[in-house]
Amino acid sequence: MAQEIVGFKLVLDGKEQVVGSIGEMKKLLKEANFELVKAQQNFGEYSAEAVSAAKKVAQLKDTIQEAGET
């Protein structure tokens, strides 16, 4: 029998994760925004850490938008 995924499948930082709702995705987005601000404060606005965190935020925003449209 095939395995059924209930929710949304995300791949963040190379790790696959299943999220059950848009609310959970928004929570992840809030955490990612916090990580971005922290990286910018600690390493500089255009550091590798900050750019990586910004990419994660952008990916989550895109996923939330796509999920909302579905």
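On a predicted model such as this, the values are computed, not experimentally measured, just so you know. (Residues numbered from 1 in each chain as written. Predicted model: local features only at pLDDT ≥ 70, side-chain atom pairs only at ≥ 80, totals over all residues. Heavy atoms only, no water.)

Visitor: Describe the pattern of salt bridges, with residues and values.
Guide: Considering all chains together, one arrives at 2 salt bridges under this definition. Here Glu16 ties to Lys9 by a salt bridge, and the two come within 3.8 Å at their closest N and O atoms. Judged by its relative accessible area of 57%, Glu16 is exposed. Judged by its relative accessible area of 48%, Lys9 falls in the partly exposed class. Between Lys56 and Glu35 there is a salt bridge, and its shortest N-O distance comes to 3.5 Å. A residue pair is termed long-range when its members are at least 10 positions apart, and Lys56 in helix 2 (residues 48–69) and Glu35 in helix 1 (residues 22–43) qualify at 21 residues. (Salt bridge = Lys/Arg side-chain N within 4 Å of Asp/Glu carboxyl O. Buried < 20%, exposed > 50% of the residue type's maximum accessible area, 1.4 Å probe, protein only. Helix = DSSP H or I, 4+ residues; strand = E, 2+ residues; numbered from the N terminus.)

Visitor: Could you give me a rundown of the pairing of strand 1 (residues 8–12), with the residues and numbers involved?
Guide: Across 5 bridges, strand 1 lies against strand 2 (residues 15–19) in antiparallel orientation. Looking at the pairing, Leu12 lines up with Lys15 of strand 2. Counted between consecutive antiparallel strands, the loop separating strand 1 from strand 2 contains 2 residues, among which Asp13 sits at a positive phi close to 55 degrees. (Pairing = 2+ DSSP bridges.)

Visitor: For the nonpolar core, give the residues involved together with the corresponding values.
Guide: Membership of the largest hydrophobic core comes to 13 residues, with the highest contact counts inside it found for Leu10, Val19, Met25, Leu28, Leu29, Val57 and Leu60. Every element with two or more residues in this core is listed here: strand 1, helix 1 and helix 2. (Core = buried A, V, L, I, M, F, W, Y, C linked by side-chain atoms within 4.5 Å.)

Visitor: Break down the side chain of Ser47 for me, citing the residues and quoting the values.
Guide: Here Ser47 is to be found in the loop between helix 1 and helix 2. A distance of 3.0 Å separates the side chain of Ser47 from the backbone oxygen of Gly44, its partner in a polar contact. (Polar contact = N/O pair within 3.5 Å; in protein donor to acceptor, adjacent residues only side chain to side chain.)

Visitor: Kindly report on helix 1, identifying the contributing residues and their values.
Guide: Over its 22 residues, helix 1 runs 31 Å from end to end, which matches the ideal 32 Å to within 8%, given 1.5 Å per residue. Among the residues of helix 1, those classed as buried are Met25, Leu28, Leu29, Ala32, Leu36 and Ala39. Around the axis of helix 1, the buried residues are gathered within 105 degrees of arc, so they sit on the same side. Relative to its buried face, helix 1 has exposed residues pointing more than 90 degrees away, namely Lys26, Lys27, Lys30, Phe34, Gln41 and Asn42. (Expected span 1.5 Å × (residues − 1). Arc of directions from axis to C-beta.)

Visitor: Any chance you could break down the confidence of the model for the chain for me, citing the residues and the numbers?
Guide: Looking at the chain as a whole, its pLDDT mean stands at 88, while 91% of the residues score no less than 70. Taken element by element, the predicted model of the chain shows its lowest mean pLDDT in strand 1 (79) and its highest in helix 1 (95). (pLDDT = per-residue confidence, 0-100.)

Visitor: Residue-level account of helix 2, with values.
Guide: In this model, helix 2 (22 residues) spans 32 Å end to end at C-alpha, consistent with the 32 Å of a helix rising 1.5 Å per residue. Buried within helix 2 are the following residues: Ala50, Ala53, Lys56, Val57, Leu60, Thr63, Ile64 and Ala67. Projected onto a plane normal to the axis of helix 2, the buried residues spread over an arc of 150 degrees and lie on a single side. Exposed and oriented more than 90 degrees from the buried face of helix 2 are Ala48, Lys55, Glu66 and Glu69. Turning to helix 2, the residues buried within the fold contact strand 1 and helix 1. (Contact = heavy atoms within 4.5 Å.)

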